[in-house]
Amino acid sequence: MKAQQRGFTLIELVVVIIILGILAAVAVPKFLDMSLDAHNAAAKGVAGSIASATAINYAGKAAGNVNAVAVSAANVCTTAILGGFVNGVTLSDTASTSDNVFMVSGTGVCNTTNLVVQCLITSNGTGATAATAYVSCAR
């Protein structure tokens, strides 16, 4: 009776290595391009956080909460006004190279006709697009 051999032949191993190499060559560029998407998604998350926080603040101010912050200025798109509405990230008025710093820009004017203004939030990624934060004015 002949003993059965176990294991892979050299040809099978080479074929598997070639297939893995082709998959890696196709997949690596996809992962390299995802950093820009991650920066844009982070900016959208910060913009959404600011929008939610200012909407809650507006409701608190309208209900007479003494801890609510007045958001009514000639330009509310500044770090001094919006910085208190987010935690874990830093807002800046200028572009930064840090992953945790987001630039705030725009000229949102809160007055009797503008109850919601648009501010732009941009991450530090090269080619990153700005996300829009809809800030609720609170008087």
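Please refer to the structure higher up on the page.
Read on for an overview of the structure.

Thresholds applied
- Residues numbered from 1 in each chain as written.
- Predicted model: local features only at pLDDT ≥ 70, side-chain atom pairs only at ≥ 80, totals over all residues.
- Heavy atoms only, no water.
- Helix = DSSP H or I, 4+ residues; strand = E, 2+ residues; numbered from the N terminus.
- Buried < 20%, exposed > 50% of the residue type's maximum accessible area, 1.4 Å probe, protein only.
- Contact = heavy atoms within 4.5 Å.
- Pairing = 2+ DSSP bridges.
- Core = buried A, V, L, I, M, F, W, Y, C linked by side-chain atoms within 4.5 Å.
- Axes fitted to C-alpha atoms, helices over the stretch in contact; angles between N-to-C directions.

Further remarks concern the side chain of Ser136. The residue Ser136 is located in strand S4 (residues 131–136) in this model. What makes Ser136 buried here is its relative accessible area of 11%. Contacts of Ser136, omitting those with residues within four sequence positions, involve Thr54, Ala55, Tyr58, Val71, Leu115 and Val116.

With that settled, the discussion passes to the pairing of strand S3 (residues 116–122). Looking at chain direction, strand S2 (residues 101–105) and S3 are connected through three bridges and run antiparallel. The residue bridging Met103 from the neighbouring strand is Thr122, located in S3. Where S3 lies against S4, six bridges are found, and the strand directions are antiparallel. Along S4, the bridge assignment pairs Leu120 with Thr132.

Moving on, we come to the nonpolar core. Judged by nonpolar contacts, the single largest core of 23 residues is most densely connected at Val46, Ile50, Val76, Leu82, Leu91, Ile121 and Val135. Of all the secondary-structure elements, those providing two or more residues to this core are helix H2 (34–62), S2, S3 and S4. Per-element accounting of this core gives the leading share, five residues, to H2.

Moving on to the sheet that holds S3. Spatially, the four strands line up as an open sheet ordered S1-S2-S3-S4, and their pairing is mixed. Lying at the two open borders of the sheet, with one neighbouring strand each, are strand S1 (90–92) and S4. Put simply, the sheet's adjacent strands are angled 40° from each other on average, direction ignored. Sheet topology note: the S1/S2 ladder contains three bridges and is parallel. Paired with Ser92 across the two strands is Met103, which belongs to S2. The strands touched by H2 within the sheet are S1, S2, S3 and S4, with S4 carrying the most contacts at an inclination of about 5°.

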